[in-house]
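# Chains, contacts and geometry: an overview
Given next are the chains, with one letter for each unit.
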Amino acid sequence: MRKMGRQTWYFENNVYINEAATVAGPMEKQGPLGETYDITYDDLHCHEDNWEKAERRILQQSIQTCIQKAKLQTDQIDILLSGDLLNQNVSSNYAARALSIPLLTMFGACSTSMETLATASALVDAGFANNAVAATSSHNASAERQFRYPTEYGSQKPASATTTITGAGAALVSKNPSNIGIECATIGKVMDYQMGDPFDMGTAMAPAAFDTIKTHLGDLGRTPNDYDLILSGDLSSVGSPILKDMLKEDGINVDEIHNDCGLMVYNSDQPVFAGGSGCACSAVVTYGHVLNEIRKGNLNKVFVVATGALLSPTMIQQKETIPCIAHGVVLKREELTS
């Protein structure tokens, strides 16, 4: 691995995603990508007696399914990197309790999917792990209970609010050749544009996505034309236009190749306000639909930029603004030779 520019890691030892798995809840199952998920549930409890256990279950299932698809055993996994939205990363810690895999928990809020994938790739590239699993999860009801109001409260929300995705995703990273290569990763900086509304995450996170995309292109001397798709995490219908406008003001036009995971996971007639969000937002779209499209040859190079709002209920109650971050990973199609 070598560093390029200020914030980009370039993987030089042929790092790949060998397999991935996704688990999704009822709203996500009904969305346009419903058929791309490995496992889906018809209710938020996911056969458990509370929402936190439900999130733990779907995260553990995504990891185990990923490993099974790779035809490996858990004792062949050298490291698990996982994070979630709940305090002290309890979904990841409790899921890992049942797996007996060395664990590094990570927290980047909704950017965690690409944070774990970038770190797993770096560990594999450097030879510290042969098989690494990057994973993350979120759950609509567990997140609402922690960050806002329990769903039973029935509080009203503005149109700028997003809907936390119920889902989980995991990817197996190794040097074993596959047709999904991991080329590089750009690690984001914490940005704070003085936004304080927890019901408008899109506006708060857009500057972080802008900074990471701009830095990535500068670090590598690239333009948007080098990509088939630049995919943001969960900026929603509010934050996505802001991102594109900020890039245009800097001479970068991504209008033809940009999409947002939060806008892809639900149908326009579903009651999700501005779109989807949560750690699983980038994970279920990337590890399902995007990888499928790369394998089919419909996409050759994709820059996935997962965005995260680094807030807590305590900070919001203290009238703090919301610092945000975005981490990006480049996935590319590889031609396998027999």
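Residues numbered from 1 in each chain as written. Predicted model: local features only at pLDDT ≥ 70, side-chain atom pairs only at ≥ 80, totals over all residues. Heavy atoms only, no water.

Going by an unreviewed UniProt entry, the protein carries the name Stage V sporulation protein AD and comes from Salinibacillus xinjiangensis.

## Side note on the packing of helix α6 (residues 201–220) against helix α7 (residues 236–249)
Spelled out, the test is: Orientation is described by lines fitted to C-alpha atoms, with helices fitted over the stretch in contact, and by angles between N-to-C directions that extend from 0 to 180 degrees. Only DSSP runs of H or I with at least four residues qualify as helices, and only runs of E with at least two residues qualify as strands; both kinds are numbered from the N terminus onward. Note on convention: near helix rotated counterclockwise from far helix by under a right angle means a left-handed crossing. Clockwise means right-handed. The criterion used for residue contact is that any of the two residues' heavy atoms lie within 4.5 Å.
Closest axis-to-axis distance for the α6/α7 pair is 8 Å, and the angle between their directions is 35°. Seen along the crossing, α6 lies across α7 with a hand that is right-handed. In this structure, α6 contributes G202, T203, A206, P207, A209, F210 and I213 to the contact, and α7 contributes S236, V238, G239, I242, L243, M246 and L247.

## Overview of the state of the cysteines
As a reminder, the rule being used: Counting rule for disulfides: a pair of cysteine sulfur atoms within 2.5 Å. Buried, partly exposed and exposed residues are distinguished by accessible area as a fraction of the type maximum, computed with a 1.4 Å probe on protein chains only: under 20%, between the cut-offs, and over 50%, respectively.
All chains considered together, the criterion is met by zero disulfides. The structure places no disulfide on C46, whose sulfur is separated from the nearest cysteine sulfur, that of C279, by 16 Å. Among the residues examined, C46 registers a relative accessible area of 0% and is labelled buried. Cysteine C324 remains unbridged, with the sulfur of C110 as its closest cysteine sulfur at 9.5 Å. For C324, a relative accessible area of 0% corresponds to the buried category.

## Looking at the pattern of salt bridges
Which entries qualify depends on this criterion: What counts as a salt bridge is simple: a side-chain nitrogen of Lys or Arg found within 4 Å of a carboxyl oxygen of Asp or Glu.
Throughout the structure, instances matching the rule amount to 13 salt bridges. When the shortest N-O distance is used, the salt bridge between K69 and D38 registers 3.1 Å. You can see K69 sitting in helix α2 (residues 51–69) and its partner D38 sitting in the loop between α1 (26–29) and β3 (39–40), a full 31 residues away along the chain. Using a relative accessible area of 32% as the deciding quantity, one classes K69 as partly exposed. The class for D38 is partly exposed, based on a relative accessible area of 36%.

## Focus: α7
The following threshold applies: To estimate how far a helix should extend, the number of its residues minus one is multiplied by 1.5 Å. Directions from the helix axis toward the C-beta atoms define the arc.
Taking 1.5 Å as the rise per residue, α7 with 14 residues should run 20 Å; its terminal C-alpha atoms sit 20 Å apart, in good agreement. Of the residues making up α7, those classed as buried are S236, G239, S240, L243, M246 and L247. Mapping the buried residues of α7 onto a view down its axis gives an arc of 130°, with all of them on the same face. Immediately downstream of α7, the backbone of G251 shows phi near 80°, a positive value.

## Notes on the domain arrangement of the protein
This is how the line gets drawn: Domains are outlined according to an automatic or database domain assignment. Values labelled buried area give the accessible surface lost by two parts on being combined, using a 1.4 Å probe and summing over both. By the criterion applied in these results, polar contacts are pairs of N or O atoms within 3.5 Å in which, for protein atoms, one can donate a hydrogen and the other can accept it, and in which residues neighboring in sequence qualify only through two side-chain atoms.
By domain assignment, the protein separates into domain 1 (13–174) and domain 2 (180–333). Between domain 1 and domain 2, the contact holds 51 residues from the first and 52 residues from the second. Regarding the contact of domain 1 and domain 2, the summed buried area is about 4200 Å², with carbon and sulfur atoms giving 67% of it. Sorting the residues of domain 1 by area buried against domain 2 places C110, M114 and I165 first, and these three jointly supply 16% of that buried surface. Between domain 1 and domain 2 we count zero salt bridges in total. The tally of links between domain 1 and domain 2 comes to 13 residue pairs in polar contact (both at pLDDT 80 or more). Only β2 (8–24), α1, α4 (112–126), β6 (132–138), α5 (140–147), β7 (163–164) and β8 (167–174) provide two or more residues apiece to the side of domain 1 that touches domain 2.

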